[in-house]
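Coordinates in review
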Amino acid sequence: MLKFYDLVVVGAGILGLGTALAGVRAGKSVCVIERDARANGASVRNFGFVTVAGQMAGPHWRRARRSRDVWAEVAPQAGIAILQEGQMLPAYREEAATLLHDYLALPEMGAECRLLTREEALSRIPNLRIDGLRDVLLSAPDLRVESREALPKLAAWLEKSQGVDFRFGTAVLEVTARGVVTSAGEISAGAVVVCPGDDFATLYPEISREAALQKCTLQMLRVAADGMPKLQSAVMSDHSLARYDGFRALPRAESLIARLEREAPAHRAAGVHLIVVQSADGSLVVGDSHVYGPAVEPFATADFDDLIMGLFDEVIDQPNRRIIGHWTGSYASASDRRVLMARPEPHVRVAMITGGTGASTSFAFGEEIIADLFGTSTHLPEDLQ
């Protein structure tokens, strides 16, 4: 006799795991099915940066703020190290400094941010470049984990401590009224959540097609140097302010964007901005670029390395820095939304993070999916209604 689950989650990336956690907390029996032997997509090929500052205002910013608190709660239970706390945004251009002040004045999004003195900034990032520095904003809630270690630990904790069953190396071939048909047989379930990442072809391809989704390919680097200091916070740049929704939506953002278009057209064309985070061994994860299209770009390029490291050198003063690794990642992207939840059947939800913020928002989005699927909430954010 088949074991019955209240919920089957297809996909063991961060959104699948976040949805599984929300299901367990709602009192449901949960099985997660993953076609690979382990999660190896966007959820492990990123910065592990739980970014609150700069998320799109409204529901998505609140998802990030809620997800940050879930990370802080779950990480110690799952043996996941929080490697850095806070995000520092140094401004080197007058237009960027103006945006920091505008953001700080926002009643909700700016509430947990403050401007740092140069001395405070250097105490957190000793190799921060001071020449030309105008202002530095600290967003206190943001945190960072090592994704490639955090995802397996999170899955193991869900299995051992929360009672979630996992079926790795198993492909879901079909969703039915009774559950799912897999490469290893049928699994019976009352409800199914499909978290396909950037797989637009296998299950419910019409949903991705109707949403006009693209695939965004990222290029990231690992950088090391002798004498690399401890960086207490993640670091971004003027270019990040021109890219992140919560900053570029501010009325005076156009001035910064126009200046960067003039000064750094190659960076803008390649979608390059700067994120710097530090791993436990002292090396840095640095990136990234953004290339959009119908398929993933499989090859990293030296040109993008040079663009990224040029921005690194504008912000971080680290002699003898060297690239010791580079890789690509990808995620589903939509021009008009940051999350997608479709309801192809009453007992089925298809869900994707469509803006590259999976680590930052998946725990809260998973809670919303479960509330909608099982009717435990009478209100959903306006971008899911």
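Note: the structure precedes this text.
Residues numbered from 1 in each chain as written. Predicted model: local features only at pLDDT ≥ 70, side-chain atom pairs only at ≥ 80, totals over all residues. Heavy atoms only, no water.

1. Description of the pairing of strand β2 (residues 30–34)
β2 sits mainly inside the fold: five of its five residues count as buried. Because side chains alternate across β2, one face comprises the buried residues Val-30, Val-32 and Glu-34, and the other comprises Cys-31 and Ile-33, equally buried. Direction of pairing for strand β1 (residues 4–10) relative to β2: parallel, over a ladder of four bridges. Bridge assignment links Val-8 to a residue of β2, and that residue is Cys-31. With helix α1 (residues 14–25) bridging β1 and its parallel neighbour β2, the resulting β-α-β unit is right-handed. Relative to strand β7 (residues 165–168), β2 runs parallel, the two being bridged by four bridges. Considered in β7, the bridge of Cys-31 is made with Asp-165. (Buried < 20%, exposed > 50% of the residue type's maximum accessible area, 1.4 Å probe, protein only. Helix = DSSP H or I, 4+ residues; strand = E, 2+ residues; numbered from the N terminus. Pairing = 2+ DSSP bridges. Right-handed = clockwise from strand over helix to strand, strands pointing away.)

2. Section: the pattern of salt bridges
Inspection of the entire model under this criterion finds 27 salt bridges. Across the pair Asp-102 and Arg-252 runs a salt bridge, and its minimum N-O distance is 2.6 Å. Remark: Arg-252 occurs in the loop between α8 (245–248) and α9 (253–263) and Asp-102 occurs in helix α3 (residues 94–104); sequence separation between them is 150 residues. Overall, the relative accessible area of 17% leaves Asp-102 in the buried class. Members of the salt-bridge network, linked through shared partners, are Arg-93, Glu-95, Asp-238, Arg-259 and Glu-263. (Salt bridge = Lys/Arg side-chain N within 4 Å of Asp/Glu carboxyl O.)

3. Digging into unusual backbone geometry
Following Gly-287, the chain continues into Asp-288 via a peptide bond in cis, with omega recorded as -5°. Checked against the element boundaries, Asp-288 lands in the loop between β14 (284–287) and β15 (291–293). Positive phi, close to 50°, is recorded for Tyr-204, a residue that is not glycine. As for its placement among the helices and strands, Tyr-204 is situated in the loop between β10 (185–194) and α6 (205–210). Here Asn-320, not a glycine, exhibits a phi torsion of approximately 60°, which is positive. Assessed through its relative accessible area of 64%, Asn-320 is described here as exposed.

4. What about α9?
Turning to α9, its buried residues number three or more, namely Ala-253, Leu-256, Ile-257 and Leu-260. On an axial view of α9, the arc spanned by its buried residues comes to 100°, and they lie on one face. Summarising the geometry of α9, the exposed residues directed more than 90 degrees from the buried face are Glu-254 and Arg-262. Looking at the buried positions of α9, the neighbouring elements they touch are α3, α7 (238–241), α8 and α10 (265–269). (Arc of directions from axis to C-beta. Contact = heavy atoms within 4.5 Å.)

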